[in-house]
Amino acid sequence: MEKKKYYLTTAIAYASGKPHIGNTYEAIMADSVARYKRLQGFDVFFQTGTDEHGLKIEEKAAAKGMKPKEFVDNVSDEIKRIWKRVNVSYDRFIRTTDADHEKQIKKMFKKFYDQGDIYKSEYEGMYCTPCESFWTPSQLVDGKCPDCGREVKPAKEESYFFKMSKYAPRLIDYINEHPDFIQPESRKNEIMNNFLLPGLQDLCVSRTSFKWGIPVDFDPKHVVYVWLDALANYITGVGYDVDGNSSELCKKMWPADVHIIGKDIIRFHAIYWPIFLMALGQPLYKQLFAHPWFIQSGEKMSKSKGNVLYAEDLCDVYGTDAVRYYVLHEMPYGNDGSISWDLMTEKINADLANTLGNLVNRTIAMSNKYFGGEVINAMVCEPVDDELKAVATGAYEKFCAKMDSFRIADAIDEVFNIYKRCNKYIDETAPWALAKDEDKKGRLQTVLYNLIEAISIATTMVEPFMPETAEKIFAQLNVEKRSFEELNQFGLIPSGIKVTDTPEILFARLDPKEVAVKAEEIRKAQAEEFARENGESPAEETKTENADAVKLEMKPEITFDDFGKMQFAVGKILKCEAVPKSKKLLCSQVQIGDTVKQIVSGIHQFYTPEEMVGKEVMVLVNLKPATLAGVLSEGMLLCAEAPDGSLALMKPEKSMPSGSEIC
């Protein structure tokens, strides 16, 4: 019987530099889905790669005294090395400088031109080099790029434009007819309400102001715009041919089952890419999943902010599978996740060292201590066994439902519920007490058999997230990996197997103080590297990034009675949306205890409405209501403001119940 196909991709990484853990998360997440689908029996094709053209790369290469191709060769090799370090099992690593890709991009451009989808004109607007995007003045936010918040420069040049408006009605209909096409739902609403329904502008698809790109055959002073070039990798990578001579792989795999991308590039993937496919006469991909970001100290990671965490540094300290576990479990479905050295240490100690590692180790140790490692199912059952069996065999269906909807963290919870139930089962059955009574030998054998069976079931499902750990557990238990079709059955391990007599500690407990020392060494090394890249001395760089160097302008003293008039509490943001007619304001519905207050804040430049939902925040509760831009505001969200004007929401150090007073 032929396997069903499953084709998934990540966004290809921009080859301008080393990806941080937030970028790396996407590759790890996609890898977990690919491994899961393989275990389900699918014929999986998993593609990732690098986006290697554009002005930013041309400038980066020149700054290093390198040719662009030499520069991207180095960066691409670095990204491959990082992907290998975090155990990403891709089938193709495509580069947009690959000859087969470049050949098809030239053909696509000519096809679009010949069928009237592309026309030549002149573009004048504000250009963001990091985003490779043109903006009109009305689209800017406080004069800066609305996507990344960085500086833009005026630009004017001859360009070819793609007639987006020609296909927009068809795309709107398609999205309405396929409610799962863009996930999560909030991303779909963003695309429809902010871009498609107001009307699309035609898209600039060529450039003449730089040369590092794929040249337009019939007009060689133009190079293909990086987003047309980059997006098409998803179909060129499996062998698509514009002239109709596509590979067998393409015929089998296209359309892609899912594109996994970051929320910051959803517009390109949810609008431009499907429209390009329509113009090619190709079926659209089946689904787009736009994941959130990892935030550190309330901010998106950035080298310039000095708050970047890199996968290899984390792997050196915690190990690859521990890093994979953290990023997969701590990224919520629709909201941003938090990451820091402290949070990782705490989570890894609790979940991996205690819940999982200790469970496997003591189960094997008891098997060796009481029965020389032999595992016997004596079938001496008691009612307490039933709940363990129900949890173990009932997890698979819920696990698959979560994985199929890309709720990875929730799927991991379903697996760890089994491990947690095993630990509880040990406490309930007290094997050490059973071992003291020879008449209880059969019961003790059954208890240990049940533990190893339940661990085996859970470990089959944990493999997509922690493949090396799963392999170690199966080896120590001396059992075969279970097929997915058998995960709802209990008692399949043959009676009489022998566990290893030399169990390996899977995850040692970490000393937070030792981790903090290593983290500081890494931070200093990064600061020195960043300083060298920007022509500064390390001492100067450290001084400018040291938060203690900010001068605080003191206000007049107040009395304790003055302070006592203000009431602060923890709130949870239930809903958030942009304030009409304002580029700066967000309107949040904030739950504070048993009350919901509407609070307007001037933070739209730093947070999207989607990022706000679910956050725990600090609120000035009893501020007199005021009307801002025609919208009632009933309090104030507390923020910290840096000297450059950037803001970060103040949040509790750990999760606290809504309504908790701040004192």
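Parameters and conventions
Residues numbered from 1 in each chain as written. Predicted model: local features only at pLDDT ≥ 70, side-chain atom pairs only at ≥ 80, totals over all residues. Heavy atoms only, no water. Helix = DSSP H or I, 4+ residues; strand = E, 2+ residues; numbered from the N terminus. Rg over C-alpha atoms; globule rule 2.2 N^0.38 Å. Buried < 20%, exposed > 50% of the residue type's maximum accessible area, 1.4 Å probe, protein only. Contact = heavy atoms within 4.5 Å. Areas by Shrake-Rupley, 256 points an atom, 1.4 Å probe, with all protein chains shown as cover. Lys, Arg positive; Asp, Glu negative; His and termini not counted. Charge placed at Lys NZ, Arg CZ, Asp CG, Glu CD. Salt bridge = Lys/Arg side-chain N within 4 Å of Asp/Glu carboxyl O. Axes fitted to C-alpha atoms, helices over the stretch in contact; angles between N-to-C directions. Parallel < 35°, antiparallel > 145°, perpendicular 65-115°, else oblique. Nonpolar A, V, L, I, M, F, W, Y, C, P; charged D, E, K, R; others polar. Pairing = 2+ DSSP bridges. Polar contact = N/O pair within 3.5 Å; in protein donor to acceptor, adjacent residues only side chain to side chain. Phe/Tyr/Trp six-rings, centres within 6.5 Å; stacked < 30°, edge-to-face > 60°. Lys NZ or Arg CZ within 6 Å of the ring centre and 35° of its normal. Disulfide = S-S within 2.5 Å.

Draft legend 1. Summary view of the overall build of the protein chain. Counting secondary structure elements, the protein chain contains 22 helices and 28 strands. Taking 2.2 N^0.38 as the reference for a compact globule, 663 residues should give roughly 26 Å; the C-alpha atoms of the protein chain span a radius of gyration of 28 Å, in line with that estimate. Dimensions of the protein chain along its principal axes, counting C-alpha atoms only, are 90 × 80 × 50 Å. The proportion of buried residues among the 663 residues of the protein chain is 53%. When contacts within the protein chain are restricted to residue pairs at least 6 apart in sequence, long-range pairs at least 24 apart make up 75% of them. With the model as given, the accessible surface of the protein chain reaches about 30,000 Å², and the carbon-plus-sulfur share is 50%. Computed over 83 positive and 100 negative side-chain charges, the separation of the two mean positions in the protein chain equals 2 Å.

Draft legend 2. Expanded view of the pattern of salt bridges. On inspection of all chains with the given rule, the structure shows 43 salt bridges. Between K18 and E312 there is a salt bridge whose closest N-O contact spans 2.4 Å. A residue pair is termed long-range when its members are at least 10 positions apart, and K18 in the loop between strand 2 (13–14) and helix 1 (21–40) and E312 in helix 11 (residues 311–318) qualify at 294 residues. K144 is the partner of E151 in a salt bridge, and the nearest nitrogen-oxygen pair spans 3.8 Å.

Draft legend 3. The environment of K513, seen in detail. Checked against the element boundaries, K513 lands in helix 19 (residues 512–533). The class for K513 is exposed, based on a relative accessible area of 69%. Sequence separation between K513 and F162 is 351 residues; the distance between their C-alpha atoms is 56 Å.

Draft legend 4. Expanded view of the packing of helix 12 (residues 320–329) against helix 13 (residues 341–371). Here helix 12 crosses helix 13 at 100°, and the two axes come no closer than 10 Å. In this view, helix 12 runs roughly perpendicular relative to helix 13, as classed from their interaxial angle. On the side of helix 12, the interface is formed by A322, V323, Y325, Y326 and H329, while helix 13 contributes L343, M344, K347, I348, D351 and L352. Its residues assigned to classes, the contact of helix 12 with helix 13 shows 8 nonpolar, 1 polar and 2 charged.

Draft legend 5. Structural context of the pairing of strand 1 (residues 5–10). For strand 1, the buried fraction is high: 6 of the 6 residues fall into the buried class. Neither face of strand 1 is left uncovered, since the one carrying K5, Y7 and T9 and the one carrying Y6, L8 and T10 both have all their residues buried. Note: strand 1 against strand 3 (residues 43–51), 5 bridges, orientation parallel. Paired with Y6 across the strands is V44, a residue of strand 3. Bridge count for strand 1 against strand 12 (residues 258–262) is 3 bridges, and the pairing is parallel. Paired with L8 across the bridge in strand 12 is V258.

Draft legend 6. Representation of the side chain of S89 within the structure. Topologically, S89 is positioned in the loop between helix 3 (68–85) and strand 4 (92–95). There is a polar contact of 2.6 Å between the side chain of S89 and the side chain of D31. Filtering out sequence-adjacent residues up to four positions away, S89 remains in contact with D31, R35, R38 and F46.

Draft legend 7. Representation of the packing of aromatic side chains within the structure. This structure, assessed with the given rule, holds 31 aromatic pairs. Ring plane angle 40° and centroid distance 5.6 Å describe the contact between F289 and Y333, whose orientation is recorded as tilted. Residue F289 is found in strand 13 (residues 288–291), and its partner Y333 is found in the loop between helix 12 and strand 16 (337–338); the two are separated by 44 residues along the sequence. Here F289 and Y333 have matching classes, each one buried. Taken together, the aromatic side chains of Y7, F45, Y234, W254 and W273 make up a single cluster linked through ring pairs. The ring of Y310 carries the charged tip of K18 above its face, separated from the ring centre by 4.4 Å. Directly above the aromatic system of Y127 lies the positively charged group of R207, at a separation of 4.1 Å from the ring centroid.

Draft legend 8. Here's a closer look at the state of the cysteines. Summed over all chains, the structure comprises 0 disulfides. The thiol of C145 is not disulfide-bonded; the next cysteine sulfur, from C128, is found 3.7 Å away.

Draft legend 9. Seen up close, the packing of helix 2 (residues 55–63) against helix 3. Close contact between helix 2 and helix 3 brings their axes to 9 Å; oriented N to C, the two are set at 95°. The orientation of helix 2 with respect to helix 3, classified from their angle, is roughly perpendicular. The segment helix 2 lies against helix 3, with I57, K60 and A61 engaging P68, F71 and V72. In terms of residue class, the contact of helix 2 with helix 3 is made up of 5 nonpolar, no polar and 1 charged.

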